[in-house]
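Spelled out from the first residue to the last, the chains are:
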Amino acid sequence: MNLPSNFLWGGAIAANQVEGAWNVDGKQMSVADVATYKPQLDVKDYKRNSAITEKEIKRAINDKKVKNYPKRRGIDGYHHYKEDIKLFAEMGFKVLRFSIAWSRIYPMGDEMKPNEKGILFYQSVINELHKYQIEPMITISHYEMPLNLAIKYNGWSDKRLIDFYVKFAKTCFLSFPDVKYWLTFNEIDSVTRHPFISAGIIPDRSENLLEDEYQALHNQFVASAIVTKLAHEIIPDSQVGCMLTKLTTYPASCKPEDILTTLNKNIMNYFPADVQVKGKYPELILQYFKDNKLSINMTNRELKLIKENTADFISFSYYMSMIAAADEDGLKMTSGNTIVGGQNPYLKATEWGWSIDPVGLRISLIELYDRYHKPLFIVENGMGTNDKLEKDKTIHDQYRIKYFKEHFIEMKKAVSSGVNLLGYTSWAPIDLVSASTSQMSKRYGFIYVDLDDQGNGTGKRYKKDSFYWYKRVIDTNGKEL
Ligand code: BG6
């Protein structure tokens, strides 16, 4: 059960959850900068935690305080990146997945000239990574588009976004030509689950939200195809991946109706990857558009672009699995990554309700490889927990080690059964602000960051027990778990 010797071990982060410096060096607001931490809500209430209205956005724009908006401060990665990368290097990282804050490069999104200071920042991040022979993997868009594009155009529902994104991506390719691995959109399928965060669509402004969501998704497919082509032209050895949320769903029982419901859910989860890997819309999805009277504007030229510029590899996030039934009344519902689903009675869950399912990772890898026959990359997997910083500044996170260990065992089994897996990046190697709840206390890292949900703390970094464990895993290429 050996992993390939060039297996890319590392970690994954996103600009809006790490950098802070929301209005520094020319950066303007992104959709992430209006997200508030809502202590009054149940952390398991995914829908209400990620919901936003036009009124709340306006209020946030006029509120210049950082306190109420944790993603404006992140973990101040903008000023700590050298220290953080050094720690990643100490763990032996071969790759770091991170994103470029679009609003640092094109602060409003629709201007013609990029912000040089933004470009310089990422050039120095990349130089720092190369200093330690860490391969950068860049997510071009990770839940952080310029807020102006949401307000002025209602986000990706407007086709003009394609050109703005292409301009942004082209600037990235030309400015960071040493980067081989690129991902076009983080969790592209999530547009229909959290349209504002993913696509800048302000829900209460849309007349037909479902139609806007699928239009936005289509526009992202087109943009993704164009920039895949561009990347190959500008950086000849580049590899461009699609990125999906792997929402593995099992039937709650062997009742045929439950199996059918589950089948349909999984088809909907796969469809964005189908388009980006197979180069065409599945017939079942086109029929779904018709049945729901969704009129999606797609031209022959766009469909040709999608067909001719498919993804080089498939990357995905995997945290949990869930169950489905034709009649949801009998199911205990729980939250998961960007979704609420049925809780599997055979599995334990995290404090945030996410079911822990290592075998589900193996199932996901096999399913994805069998469906697409393309190299895979696990670009997110991890466990959000409340960690305790002891008086002597140690953190004993055996539960995290257990989580990863069990997932790595299943990952290795999938590889030994023939799955072509390029690498693995944990989410996240360092504590950061949660995407869904904007909490700091939902900690994922091997490195502890001394900040609380209100932003109090020294911001100092401390190594958890899992830090030393992951270092050993990488040192032995996964042999010693
Ligand atoms: C994925 C996102 O949905 O899951 C990350 O790509 C996110 O940005 C991660 O942080 C974990 O979710 P959360 O809500 O616990 O931060």
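This section reports on the structure supplied with the text. This is a predicted model, so every value here is computed, not measured.

**A closer look at the sheet that holds strand E4 (residues 181-185)**
Within the closed barrel, the eight strands sit side by side as E1-E2-E3-E4-E5-E7-E11-E12. Their pairing is parallel. Put simply, the sheet's adjacent strands are angled 25 degrees from each other on average, direction ignored. Both E4 and strand E5 (residues 239-245) contribute to a ladder of three bridges, which runs parallel. Residue pairing for E5: Tyr181 is matched across the bridge by Gln239. The sheet strands contacting helix H8 (residues 160-175) are strand E3 (135-141) and E4, and the helix crosses E3 at an angle near 165 degrees.

**Quick notes on the site of the ligand**
Inspection of the region around the ligand gives 16 residues, with Glu187, Ala435, Ser436, Lys442 and Tyr444 positioned closest. Here an oxygen atom of the ligand and a side-chain polar atom of Glu187 are 2.6 Å apart. If the ligand stood free it would expose 380 Å²; the protein chains cover 99% of that surface. Tallied by class, the residues present in the shell around the ligand amount to six nonpolar, seven polar and three charged.

**Quick notes on the nonpolar core**
In terms of nonpolar packing, the biggest core is built from 140 residues, with Trp156, Met411 and Tyr470 touching the most fellow members. Setting aside chain neighbours within four positions, we find Tyr470 in contact with Trp9, Gly10, Met91, Phe93, Phe408, Tyr424, Ser426 and Phe446. Counting residues in each nonpolar core, the second largest holds nine residues, with Tyr181, Phe313, Phe377 and Val379 among its members.

**Here we look at helix H11 (residues 256-278)**
For H11, built from 23 residues, the straight-helix expectation of 33 Å at 1.5 Å per residue is missed by more than 12%, its first-to-last C-alpha distance being only 29 Å. At Tyr270, H11 shows its largest bend, some 40 degrees, and a proline, Pro272, comes one to four positions later. After H11 finishes, the residue Gly279 shows a positive phi value of roughly 80 degrees.

**Thoughts on the packing of aromatic side chains**
Enumeration according to the criterion identifies 40 aromatic pairs in this entry. Judged by centre distance (4.7 Å) and plane angle (90 degrees), the rings of Phe173 and Trp182 are edge-to-face. Given a relative accessible area of 1%, Phe173 falls into the buried group. Ring centres of Tyr181 and Phe377 lie 6.3 Å apart, and the angle between their planes is 70 degrees; this geometry places the pair in the edge-to-face category. Within this pair, whereas Tyr181 is found in strand E4, its partner Phe377 is found in strand E11 (residues 376-380), the two being separated by 196 residues in sequence. When sorted by exposure, Tyr181 lands in the same class as Phe377, which is buried.

**Description of the pattern of salt bridges**
All told, the structure shown has 30 salt bridges when counted by the stated rule. Taking the shortest distance from any N to any O, the salt bridge between Lys159 and Glu302 comes out at 3.0 Å. In this pair, Lys159 is assigned in the loop between helix H7 (147-153) and H8 and Glu302 in helix H13 (residues 300-308), connecting sequence segments 143 residues apart. Residue classification places Lys159 among the partly exposed positions, given a relative accessible area of 25%. Accessibility expressed as a relative area gives 5% for Glu302, which makes it buried. Of the charged contacts, one joins Glu367 and Lys246 as a salt bridge, the two residues approaching to 3.2 Å between their closest N and O atoms. Taken together, the positions of Glu367 in helix H14 (residues 358-372) and Lys246 in the loop between E5 and strand E6 (248-251) put the pair 121 residues apart, joining distant regions of the chain. Given the relative accessible area of 31%, Glu367 is considered partly exposed. Relative accessible area serves as the criterion here: at 1%, Lys246 is assigned to the buried category.

**Overview of the state of the cysteines**
Counted under the stated rule, the structure contains zero disulfides. A disulfide-free cysteine, Cys172 has its sulfur positioned 19 Å from the sulfur of Cys242, the nearest such atom. The exposure class of Cys172 is buried, given its relative accessible area of 1%.

**Focus: the pairing of strand E10 (residues 339-342)**
As paired strands, strand E9 (residues 333-336) and E10 are joined by four bridges and run antiparallel to one another. Bridge pairing links Gly336 to Ile339 in E10. Connecting E9 to the next strand, E10, in antiparallel fashion are two residues, including Thr338 with a positive phi near 60 degrees.

**Section: helix H15 (residues 398-416)**
With 19 residues, H15 ought to run about 27 Å at 1.5 Å a step, and its terminal C-alpha atoms sit 27 Å apart, in line with that. Of all the residues in H15, the buried ones are Arg400, Ile401, Tyr403, Phe404, His407, Phe408, Glu410, Met411, Lys412, Ala414 and Val415. Of the surrounding secondary structure, the elements contacted by the buried residues of H15 are strand E1 (8-12), H14, E11, strand E12 (421-427) and helix H16 (465-475). The positive-phi residue at the C-terminal boundary of H15 is Gly418, with phi of around 115 degrees.

**As for the environment of Gly457**
Counting through the fold element by element, Gly457 comes out in the loop between strand E13 (447-449) and strand E14 (461-463). Between the C-alpha atoms of Gly457 and Met91, which are 366 residues apart in sequence, the distance is 25 Å. For Gly457, the residues in contact, after removing those within four places along its chain, are Asp450 and Leu451.

**Some words on the packing of H11 against helix H12 (residues 283-291)**
Interhelical geometry of H11 versus H12 gives an angle of 110 degrees and a closest axis separation of 10 Å. Classified by the angle between their axes, H11 and H12 sit roughly perpendicular to one another. Of the residues in H12, those touching H11 at Ile267, Met268 and Phe271 are Leu284, Ile285 and Tyr288.

**What to know about the packing of H15 against H16**
One can describe the packing of H15 onto H16 by two numbers: an axis separation of 8 Å at closest approach and a directional angle of 25 degrees. Our classification of the angle between H15 and H16 gives roughly parallel. Classified by chirality, the crossing of H16 by H15 is right-handed. Residues Gln398, Arg400, Ile401, Phe404, Lys405 and Phe408 of H15 touch H16, and the partners they reach there are Asp465, Ser466, Trp469, Tyr470 and Val473.

Definitions and limits used
Residues numbered from 1 in each chain as written. Predicted model: local features only at pLDDT ≥ 70, side-chain atom pairs only at ≥ 80, totals over all residues. Heavy atoms only, no water. Pairing = 2+ DSSP bridges. Helix = DSSP H or I, 4+ residues; strand = E, 2+ residues; numbered from the N terminus. Axes fitted to C-alpha atoms, helices over the stretch in contact; angles between N-to-C directions. Contact = heavy atoms within 4.5 Å. Near = heavy atom within 4 Å. Polar contact = N/O pair within 3.5 Å; in protein donor to acceptor, adjacent residues only side chain to side chain. Areas by Shrake-Rupley, 256 points an atom, 1.4 Å probe, with all protein chains shown as cover. Nonpolar A, V, L, I, M, F, W, Y, C, P; charged D, E, K, R; others polar. Core = buried A, V, L, I, M, F, W, Y, C linked by side-chain atoms within 4.5 Å. Buried < 20%, exposed > 50% of the residue type's maximum accessible area, 1.4 Å probe, protein only. Expected span 1.5 Å × (residues − 1). Bend = angle between axes of the 7 residues up to and from the residue. Phe/Tyr/Trp six-rings, centres within 6.5 Å; stacked < 30°, edge-to-face > 60°. Salt bridge = Lys/Arg side-chain N within 4 Å of Asp/Glu carboxyl O. Disulfide = S-S within 2.5 Å. Parallel < 35°, antiparallel > 145°, perpendicular 65-115°, else oblique. Left-handed = near helix turned anticlockwise from the far one by under 90°.

Functional significance is not addressed by these values, which are geometric in nature.
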